[in-house]
Amino acid sequence: MRSVEVASYIPGRVRLRSKKLVGNTKLEQKINTQLGAYKEIESVVTNIMTGSILITYVPEVLRQNAELFKAEKYFAAHVKKK
């Protein structure tokens, strides 16, 4: 989490950015595998050109998983202010 910036957040959609993801296909695969394993997450779209991770989900469904609900609260509290 420390190497990830919360670029945008609205309930149901969060965009993260990580410089470590840029050009890193192994990390991209790891992210897609790990996040894709959660049935509460609808989709994960990564972009190794920009280091972006877009996660979409149904808030009511995701919040039934305590671990993911904690992550969502973290994203909401740490979204990058413009």
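Keep in mind that what you see is a predicted model, and the values were worked out from it rather than measured. (Residues numbered from 1 in each chain as written. Predicted model: local features only at pLDDT ≥ 70, side-chain atom pairs only at ≥ 80, totals over all residues. Heavy atoms only, no water.)

*Asks:* What am I meant to see in the sheet that holds strand 1 (residues 5-10) here?
*Replies:* The pairing of strands in a sheet happens through backbone hydrogen bonds and is either parallel or antiparallel. Here four strands make up an open sheet; going across it, the order is 1-2-4-3 and the pairing antiparallel. Since the sheet does not close on itself, it has two edges, and those belong to strand 1 and strand 3 (41-47), each with one partner. Geometrically, the sheet is characterised by an average inter-axis angle of 15 degrees between neighbouring strands, direction not taken into account. Two strands pair when backbone bridges link them, and strand 2 (residues 13-17) and strand 4 (residues 52-57) are joined in this way by five bridges, in the antiparallel orientation. By the bridge assignment for strand 4, R15 is matched with L54. Along the sheet, helix 1 (residues 25-36) contacts strand 3 and strand 4; its crossing angle with strand 3, the most-contacted strand, is approximately 175 degrees. Along the sheet, helix 3 (residues 66-77) contacts strand 1, strand 2, strand 3 and strand 4; its crossing angle with strand 1, the most-contacted strand, is approximately 100 degrees. (Pairing = 2+ DSSP bridges. Helix = DSSP H or I, 4+ residues; strand = E, 2+ residues; numbered from the N terminus. Axes fitted to C-alpha atoms, helices over the stretch in contact; angles between N-to-C directions. Contact = heavy atoms within 4.5 Å.)

*Asks:* Honestly, the nonpolar core in this entry has me stumped. Any pointers?
*Replies:* Most often, soluble globular proteins keep nonpolar side chains buried together rather than apart. With 16 residues, the main nonpolar core has V6, Y9, V14, L16, I53, I55 and F75 as its most contacted residues. Among the elements of the structure, strand 1, strand 2, strand 3, strand 4 and helix 3 are those that each provide at least two residues to this core. (Core = buried A, V, L, I, M, F, W, Y, C linked by side-chain atoms within 4.5 Å. Buried < 20%, exposed > 50% of the residue type's maximum accessible area, 1.4 Å probe, protein only.)

*Asks:* So what exactly am I meant to see when it comes to the environment of V58 here?
*Replies:* Its place among the elements puts V58 in the loop between strand 4 and helix 2 (59-62). Each C-alpha atom, one on V58 and one on I41, is 7.5 Å from the other, the two residues being 17 residues apart in sequence.

*Asks:* How do you make sense of helix 3 when you look at a structure like this?
*Replies:* The α-helix winds at 3.6 residues per turn, so residues separated by three or four positions along the chain end up facing the same way. Relative to the 16 Å expected for twelve residues at 1.5 Å per residue, helix 3 spans 17 Å between its end C-alpha atoms, a close match to the ideal helical length. The set of residues buried in helix 3 consists of L68, A71, E72 and F75. Buried residues of helix 3, viewed axially, fall in a sector of 100 degrees; they line one side. Counted as exposed and oriented over 90 degrees from the buried face of helix 3: A66, K70 and A77. (Expected span 1.5 Å × (residues − 1). Arc of directions from axis to C-beta.)

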